[in-house]
Amino acid sequence: MVDSHKIIEKVETGVFIERIKYLKKEDVEVSDHAVFRVKKAERKAFKDEIIDILLHENPLLVGIQRNKNYAVYYKYKSDTLKMILDMTPKSIKVVTVYIVDNKQVPRL
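None of the values given here were measured: they were computed from a predicted structure.

What counts, and at which threshold
- Residues numbered from 1 in each chain as written.
- Predicted model: local features only at pLDDT ≥ 70, side-chain atom pairs only at ≥ 80, totals over all residues.
- Heavy atoms only, no water.
- Helix = DSSP H or I, 4+ residues; strand = E, 2+ residues; numbered from the N terminus.
- Rg over C-alpha atoms; globule rule 2.2 N^0.38 Å.
- Buried < 20%, exposed > 50% of the residue type's maximum accessible area, 1.4 Å probe, protein only.
- Areas by Shrake-Rupley, 256 points an atom, 1.4 Å probe, with all protein chains shown as cover.
- Salt bridge = Lys/Arg side-chain N within 4 Å of Asp/Glu carboxyl O.
- Contact = heavy atoms within 4.5 Å.

**Notes on the overall build of the protein**
Per the secondary structure count, the protein includes two helices and six strands. When the helices and strands of the protein are placed in sequence order, the string is β-α-β-α-β-β-β-β. Rg of the C-alpha trace for the protein: 13 Å, near the compact-globule value of 13 Å for 108 residues, within the 12% margin. Projected onto its principal axes, the C-alpha positions of the protein cover 35 × 30 × 25 Å. With 108 residues in all, the protein has 39% of them scored as buried. A total accessible area of about 7,000 Å² is found for the protein, and carbon and sulfur atoms account for 51% of it.

The following block contains the structure:
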């Protein structure tokens, strides 16, 4: 693991939800890098799915990485979806998305 990606602070899920609850779909940008592994024809649908999960699902775990980005984990099908977020008070940029095995969710 790259040192700057290490989670250095846990964020209570309720605090995270409170912080993003007034954001709308238009306030969330999903970078092309976040979906580069997805087939081109499926990218728009996957971006929409990512935004819906972010704005409407309860995360399993939220942490702040050393590089100040948020690492947020959500239940996703039979696995876990890990999102790396660059957050400001009025917007979110989804930098990267990974589908990880449930065993890869850190214990904080």
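**What about the pattern of salt bridges?**
Counted according to the given criterion, the structure contains four salt bridges. The salt bridge partner of D32 is K47, with a shortest N-O separation of 3.2 Å. Residue D32 is found in the loop between β2 (28-30) and α2 (43-56), and its partner K47 is found in helix α2; the two are separated by 15 residues along the sequence. A residue is classified by how much of its surface remains accessible, and K47, at 22% relative accessible area, is partly exposed. Of the charged contacts in the structure, one is a salt bridge between K44 and D48, with a shortest N-O distance of 3.1 Å. A residue pair is termed a helical-turn pair when its members lie 3 or 4 positions apart in one helix, as K44 and D48 do in helix α2 at four residues. Among the charged side chains, a salt-bridge network with shared partners connects K25, K44 and D48.

**Points about unusual backbone geometry**
Positive phi outside glycine occurs at K68, with the angle close to 80 degrees. Of note, K68 is situated in the loop between β3 (61-65) and β4 (70-76). Since its relative accessible area comes to 60%, K68 is described here as exposed.

**Quick look at the side chain of N69**
Along the polypeptide, N69 turns up in the loop between β3 and β4. Judged by relative accessible area, which is 15%, N69 ranks as buried. The contacts of N69, once residues within four sequence positions are left out, are G63, I64, I84, L85 and D86.

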